[in-house]
Amino acid sequence: MSSAESLILQLHEISAVKFGNFKLKSGIYSPIYIDLRLIVSYPSLLLQISRSVLSSLPPQTPFNLVCGVPYTALPIATSISLDTSIPMLMRRKEVKDYGTAKSIEGVYENGQICLVVEDLVTSGASVLETATPLRALGINVTDAVVVIDREQGGRETLEENGIRLHALFTLTDMVKVLRAKGKLEEEMEVLVMRFLEENKKVVVPKVVEKVRVKSLGFEERAKLAKNPTGKKLFEVMVKKESNLCLAADVGTAAELLEIAEKVGPEICLLKTHVDILPDFTPDFGSKLRAIADKYNFLIFEDRKFADIGNTVTMQYEGGIFRILDWADIVNAHIISGPGIVDGLKLKGLPRGRGLLLLAEMSSAVNPASWPGAPVNPAFIQATPGVQMVKGGDNLGQQYNTPYSVIFDRGSDIIIVGRGIIKAANPAEVAREYRLQGWEAYLAKCT
């Protein structure tokens, strides 16, 4: 007995194969119904199916992700992922209108290849419903694997959409095995085979996709902003079509002024660490302020204030750096409580300054974590650790792409450091980051 015959008999034994009169998703009525949802209660059978499905693929079938069509195929895809250590993605059947509002969950990169896993195929509609949002994210879908092909046009429909279908066995195979093993009467076999002959092509039903919630544009959000710096930043982003912030973590004040001059036309915000500059002079702030005014960007001093209110007030206004005089925006840890906000507000608000609160850092181990975009559209979320490709360095820095940060996580501003600073042509690379960040923002708003 072959492995396929064994699986067919086991499915029949657990009543996953039913005969009668059943309405399918395609709208037609069928004398045979396959209910593979039952296999979740039979772990051994689930494992056999997942391994057999995988072995049915031709050698060298390209894929480095798997995604099961919800919901029946999810346990099959999960079993394949666990058995092969190939990462899995999950498609939401119902996209939520809150949180991240994502249709695809998991970690992926543009250009990866995803194998779609399904329990059975009739018209091919369910596979296409999963392939479409995957492809929209830049993930390639070239192959789908299924336990049972009902032989009713799904293979041809998928082929027309650039997807090769691989099946463990067909409905005809199943009927013949059950008849040969005495599990099916001849009359029912004839009825099923006639049904298949008369329904060789099932039309794919029109799919109405629930789209993700459209985000408010920066122009509309500027009208909601009560803080003058927040309002100005929104307006700058709209005018320059830029949501790019440069993290100017360079070794000297001279280098910082030079890089600001080079990338100024591409950025909406320049992030500084003034306390690491050994050649800092009292006129540094005025020089940087002049460049910011020239190219219409704001200055964000990444001071990360963390002391009590009275102390941060003095650190902000006084000392050798006099940050209040030249920085439009500063930031603070939330660990000190509301007193730190009150202290910075005391000096900053009369000068029209803005404050960012640290919700999450881009290190790998993160005691504080921000779940997604801010609820209040007047607030601005900026995300550091952005590069063209995902990954990290050996010091714990984690990188995300502009698209994943803006579109998937709902952030507003991408903060890029080494990806621009270390480039042979910082201005050219900054322009590419600006374009990618802005395209992701436009996608989020449609």
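Residues numbered from 1 in each chain as written. Predicted model: local features only at pLDDT ≥ 70, side-chain atom pairs only at ≥ 80, totals over all residues. Heavy atoms only, no water.

*Asks:* Which residues make up the sheet that holds strand E8 (residues 164-170), and what values do they have?
*Replies:* Across the sheet, 6 strands lie side by side as E5-E4-E3-E6-E7-E8; this open sheet has mixed pairing. Pairing within the sheet leaves two strands with one partner each, and these edge strands are strand E5 (104-105) and E8. Bridging between strand E6 (residues 113-121) and strand E7 (residues 140-149) involves 7 bridges; their strand directions are parallel. Of the residues in E7, the one forming a bridge with Val121 is Asp149. (Pairing = 2+ DSSP bridges. Helix = DSSP H or I, 4+ residues; strand = E, 2+ residues; numbered from the N terminus.)

*Asks:* So, unusual backbone geometry: which residues are in play, and what are the values?
*Replies:* Among all residues save glycine, negative phi is the norm, and among peptide bonds the norm is trans. Cis peptide bonds are those with omega within 30 degrees of zero, and the linkage from Pro70 to Tyr71 qualifies with 0°. With respect to the secondary-structure elements, Tyr71 resides in the loop between strand E3 (65-68) and helix H3 (74-84). In this structure, Ser15 is a non-glycine residue whose phi angle is positive, near 65°. Within the secondary structure, Ser15 is located in the loop between helix H1 (3-13) and strand E1 (17-23). Residue Ser15 is classed as partly exposed on the basis of its relative accessible area, which comes to 39%. For Gln60, which is not a glycine, the phi torsion comes out positive at approximately 70°. (Buried < 20%, exposed > 50% of the residue type's maximum accessible area, 1.4 Å probe, protein only.)

*Asks:* Tell me what's going on with the pairing of E7, and back it up with residues and numbers.
*Replies:* When you tally the buried positions in E7, you get 8 out of 10 residues, the bulk of the element. One crossover worth recording links E6 to the parallel E7 by way of helix H4 (residues 125-136), and it is right-handed. Across 6 bridges, the pairing between E7 and E8 is parallel. Bridge pairing in E8 places Ile148 opposite Phe169. (Right-handed = clockwise from strand over helix to strand, strands pointing away.)

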